Number of protein chains: 4
Amino acid sequence: MTDETAVPKQPDYSGLKAVFINCTLTPSPAFSHTECLMDMVRAIMEDAGTSVQCFRSVDHDIAPGIYPDMTKHGFDHDSWPAISEAVMASDILVIGTPIWLGDVSSECRKIIERLYAHSGETNDKGQYIFYGKTGGVVVTGNEDGVKHCAMSTLYSLGHIGYTIPPQADAGWIGPIGPGPSYGDEKDDGGRVGFDSDFTQRNATFLAWNLMHMAHMLNQAGGIPGYGNSREAWDDGTRYNHPNPEYR
Amino acid sequence: MTDETAVPKQPDYSGLKAVFINCTLTPSPAFSHTECLMDMVRAIMEDAGTSVQCFRSVDHDIAPGIYPDMTKHGFDHDSWPAISEAVMASDILVIGTPIWLGDVSSECRKIIERLYAHSGETNDKGQYIFYGKTGGVVVTGNEDGVKHCAMSTLYSLGHIGYTIPPQADAGWIGPIGPGPSYGDEKDDGGRVGFDSDFTQRNATFLAWNLMHMAHMLNQAGGIPGYGNSREAWDDGTRYNHPNPEYR
Amino acid sequence: MTDETAVPKQPDYSGLKAVFINCTLTPSPAFSHTECLMDMVRAIMEDAGTSVQCFRSVDHDIAPGIYPDMTKHGFDHDSWPAISEAVMASDILVIGTPIWLGDVSSECRKIIERLYAHSGETNDKGQYIFYGKTGGVVVTGNEDGVKHCAMSTLYSLGHIGYTIPPQADAGWIGPIGPGPSYGDEKDDGGRVGFDSDFTQRNATFLAWNLMHMAHMLNQAGGIPGYGNSREAWDDGTRYNHPNPEYR
Amino acid sequence: MTDETAVPKQPDYSGLKAVFINCTLTPSPAFSHTECLMDMVRAIMEDAGTSVQCFRSVDHDIAPGIYPDMTKHGFDHDSWPAISEAVMASDILVIGTPIWLGDVSSECRKIIERLYAHSGETNDKGQYIFYGKTGGVVVTGNEDGVKHCAMSTLYSLGHIGYTIPPQADAGWIGPIGPGPSYGDEKDDGGRVGFDSDFTQRNATFLAWNLMHMAHMLNQAGGIPGYGNSREAWDDGTRYNHPNPEYR
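Reading the values: rules and limits
Residues numbered from 1 in each chain as written. Chains lettered and ligands numbered in written order. Predicted model: local features only at pLDDT ≥ 70, side-chain atom pairs only at ≥ 80, totals over all residues. Contact = placed C-beta atoms within 7 Å. Helix = DSSP H or I, 4+ residues; strand = E, 2+ residues; numbered from the N terminus. Nonpolar A, V, L, I, M, F, W, Y, C, P; charged D, E, K, R; others polar. Core = buried A, V, L, I, M, F, W, Y, C linked by C-beta atoms within 7 Å. Buried ≥ 20, exposed ≤ 12 C-beta atoms within 10 Å, placed from the backbone. Pairing = 2+ DSSP bridges. Least-squares fit on C-alpha atoms with pLDDT ≥ 70 in both.

A. Expanded view of the interface of chain D and chain C. Between chain D and chain C, the residue contacts involve 61 residues of the former and 61 residues of the latter. Where the side of chain D that touches chain C is concerned, the elements lending two or more residues are α1 (33-47), α4 (146-159), α5 (197-219) and α6 (230-234) of chain D. Of the residues forming the side of chain D that touches chain C, the biggest block, ten residues, is contributed by α5 of chain D. Residues belonging to the side of chain D that touches chain C are distributed by class as follows: 32 nonpolar, 21 polar and eight charged.

Structure below.
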């Protein structure tokens with residue numbers, strides 16, 4: 001059992017950088033429920049010294065596609081290269097998505113597609129470019145689907161090289177059926193969802209686990225470079241993989 | 001760019017312990033395609049010094065349910081407590097599942113349910129009991145669904161406290177439609193799927209990333225205990241979560 | 001616009017047969033929240049004259065596996081053949097599942113696997129054996145995942161030959177986070193979830209749409225037997241599929 | 001057993017209308033692998049007399065959002081109203097999507113969102129506007145995910161009112177790992193995937209089952225209007241739903 005005195009001192013994570021991408025369908029300056037919950041996570045991170053840069057994807061002219069820069073593939077404009085530069089310079093990525101019909105938004109899929117577009121790039125260990133970074137997800141809706149959206153998004157991040165710390169999702173939905181969304185004003189002057197102990201706890205754990213993992217990975221110089229270099233593999237290194245034909 | 005000489009020395013991970021749970025529907029001693037691929041991952045881990053203990057769930061009398069020991073809830077037998085003891089004592093958990101209708105096996109869901117049954121237990125930091133451990137997944141089928149099975153299983157592991165390293169899944173499927181499964185003997189004496197560079201690479205990366213992450217977490221004494229203690233949260237500690245009512 | 005007088009007369013569906021399979025993890029006689037909601041759907045069907053036969057899968061000794069009768073594949077007992085006989089004799093199948101970690105129960109996957117085991121059987125038109133039947137799903141949990149469970153289960157039913165009518169799912173979850181489940185007694189003497197207009201509506205629409213579709217399919221003698229006979233396809237019939245090599 | 005002489009006469013479905021929406025990320029006039037497989041389905045339908053209208057969503061300026069016409073919600077342009085008019089006038093909807101990271105494309109999610117935007121509209125029976133229509137899906141990728149994409153898309157169509165006939169998906173993927181896509185030219189002059197008996201069969205069954213179901217629904221005047229009118233429900237009609245408080 002722990003007691004209050006056993007709570008460790010708050011770590012100082014002032015060297016860490018995070019990028020938040022909000023995949024709401026609602027352009028600024030309109031209110032985004034998803035952003036409202038992302039702001040909780042952001043506040044915790046900033047309080048710990050981590051710098052946070054936020055993008056609302058629908059505000060930017062991000063082309064659809066699976067290349068790092070779609071202006072080289074027939075599109076006149078593409079805001080992704082600027083956003084991806086921030087992602088590449090950061091330790092932490094948090095994707096936020098609303099839920100539509102139980103699944104992530106089209107904006108969320110577009111961001112995943114554009115991140116995936118970099119899967120051919122490698123770091124100086126020959127690992128996929130996102131190795132050494134850590135990622136999480138924030139999901140809001142009025143009804144159902146937080147876990148489904150989280151599993152799809154976290155899997156995508158892991159697939160391209162992100163480390164996923166424990167409990168890397170936070171979300172809010174109301175009771176089943178249509179209803180108000182996170183952050184909507186209530187008649188009593190409060191805000192919908194702000195009283196959810198569950199959502200507050202998950203947002204807190206998400207924020208801290210991302211920072212802990214990012215710090216740990218930075219201290220270790222990323223994921224060790226043995227057994228996972230795409231470049232070395234392509235050059236023939238097999239890292240003692242058993243020769244299966246002769247087993 | 002890397003070159004052959006730049007491949008780092010193979011780490012010695014002789015202190016690590018892994019548990020593999022194979023969720024095939026086929027009881028021993030019959031051949032399990034999923035186990036065949038899990039054995040590749042196991043061989044890499046054992047070669048690095050990690051000890052690996054394997055269970056085929058369907059061979060054991062594991063009760064359905066959501067409590068750690070179902071003999072206390074009306075079942076005459078339950079093999080889970082013995083298996084869970086091994087899981088608790090290990091650093092790494094690898095779940096293997098065949099694909100049926102594009103999704104994980106019933107045995108896989110049963111294992112997930114029984115792991116989830118421990119979500120009320122905490123470690124000496126007050127974190128969920130699986131914090132500090134790392135997990136991955138192996139998936140085989142003859143047709144389609146590796147990623148879907150992986151995202152569901154990895155999400156479940158992350159939800160209960162496991163850290164998911166990059167590219168924490170390996171799998172094999174054949175071309176679309178019914179066909180042979182991983183490890184089936186071919187007319188030419190070879191084995192189906194053994195020639196898949198993609199599967200070999202993913203199995204290798206999976207094995208090494210799990211060991212790297214387990215080692216890193218062990219070195220760090222697990223996930224730092226700030227901001228993620230279920231016990232401290234329940235005692236009222238809020239870790240600087242913003243008081244949302246006053247924002 | 002409709003008005004009260006425009007509500008059509010209730011159809012008489014006394015010739016229809018339905019099978020309900022409840023995939024709770026809780027054996028009888030303990031209360032099943034999922035069954036509690038399935039009973040709403042059943043009451044509507046029975047009121048319309050449809051006969052309903054119910055199974056709670058965990059009460060039966062159903063072997064894991066992918067064959068119609070696992071006693072022919074090494075298992076001592078298997079209750080599935082008796083249940084599958086009822087399924088084969090019915091027009092409607094309703095699967096009920098609780099939600100665990102955002103996904104269906106292991107019992108639900110086991111039932112899907114056993115249904116899939118019949119995918120090699122065909123009716124007298126050469127179609128898969130479940131053609132001409134119609135299916136739906138009921139999902140309950142205390143937190144999140146109705147749609148995810150529904151999409152997986154309905155897809156499986158459709159894949160093996162069931163027709164899925166509109167809005168073929170009904171479910172209930174509470175607000176995000178742990179909490180009471182459907183049908184739990186409340187302090188005021190009521191039952192949790194019984195006041196959900198959304199759940200009541202979906203349960204009603206599910207019941208009626210299944211009966212309408214079953215009746216329509218019965219009237220039509222099932223799905224017409226052109227373009228979908230597995231037997232005829234295997235015999236070489238191509239139903240004017242374009243010869244793609246020469247397009 | 002069937003024999004060739006038992007194959008029924010090909011039905012004439014010349015009165016039916018279908019809309020195909022291809023959710024590739026690739027703008028015209030570039031080749032779309034997904035369209036290549038959709039064209040197989042289209043050819044079968046057109047041969048049976050059904051008229052088919054095709055849209056490639058990325059060629060159109062479809063706004064993100066959840067309203068039928070986003071020009072009334074701050075967007076300068078929105079091509080959706082024209083496309084939705086075609087959807088509303090048709091009996092059949094086929095959505096095609098490529099697979100990215102095991103899931104549907106962002107364009108596919110955008111189309112689902114815009115279809116969902118009409119969920120407040122009802123037909124003259126008070127049912128959701130898509131009642132009486134039938135839908136299916138075509139999926140292509142080079143690796144894995146046909147069933148996952150199909151289950152998500154078909155569920156969305158069912159949720160808004162579409163009837164899903166048996167085996168309402170067709171797809172193609174190659175062996176696991178990166179590789180050529182459906183319709184790519186091969187060295188021998190053939191086209192990738194065109195020799196897949198499985199894909200041909202599923203495309204054929206999909207086409208015919210959609211037409212059979214559309215015809216059956218047209219003959220019946222749609223789904224009968226008892227037990228499923230949103231308008232009547234909102235007016236208080238309960239269709240014999242049991243009064244749960246008194247059970």
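B. Representation of the nonpolar core in the model. Grouped together as the largest cluster of nonpolar side chains are 276 residues, with contacts concentrated most on V41 of chain A, V41 of chain B, V41 of chain C together with V41 of chain D. Contacts of V41 of chain D, omitting those with residues within four sequence positions, involve V94, V138, A170, A203, L206 and A207 of chain D.

C. Inspection of the pairing of strand β3 (residues 92-100) of chain D at higher detail. All names here are of chain D. Judged by how many residues are buried, β3 sits mostly within the fold: nine of nine residues are covered. Side-chain alternation along β3 places I92, V94, G96, P98 and W100 on one buried face and L93, I95, T97 and I99 on a second face that is also buried. Two strands pair when backbone bridges link them, and strand β1 (residues 17-22) and β3 are joined in this way by five bridges, in the parallel orientation. Note on β3: the bridge partner recorded for V19 is L93. In this sheet, strand β4 (residues 103-104) lies alongside β3 in antiparallel orientation, the contact comprising two bridges. What sits directly across from I99, in β4, is V104. The antiparallel hairpin formed by β3 and β4 contains two residues in its connecting segment, where L101 sits at a positive phi of about 55°.

D. Layout of the relation of the copies chain D and chain C. If you rotate chain D by 180° and push it 0.0 Å along the axis, it lands on chain C with an RMSD of 0.0 Å. Taken together, the turn and the small shift mark the pair as related by a two-fold rotation axis. If distances are taken from each C-alpha of chain D to the rotation axis, the shortest is found for I164 of chain D, at 2.5 Å. The fraction of interface residues of chain D whose copies in chain C are also interface residues reaches 100%, indicating that both copies meet through the same surface.

E. The environment of E113 of chain C, seen in detail. Within the element layout of this structure, E113 of chain C appears in helix α3 (residues 106-116). With sequence-adjacent residues up to four places away left out, E113 of chain C is seen in contact with L25, W100 and S106 of chain B together with I66 of chain C.

F. Broad picture of the relation of the copies chain B and chain D. Once chain B has been moved 0.0 Å along the axis and rotated by 180°, it coincides with chain D to within an RMSD of 0.0 Å. Residue by residue, 100% of the interface of chain B is reproduced at the interface of chain D, so both copies engage with the same surface.

G. Focus on the interface of chain B and chain D. Listed as interface residues are 17 residues of chain B and, on the opposing side, 17 residues of chain D. Elements with a contribution of two residues or more to the side of chain B that touches chain D: α4 (146-159), β6 (169-172) and α5 (197-219) of chain B. In terms of residues, the side of chain B that touches chain D owes the most to one element, α4 of chain B, which gives four residues. Class assignment of the residues belonging to the side of chain B that touches chain D gives a composition of seven nonpolar, eight polar and two charged.

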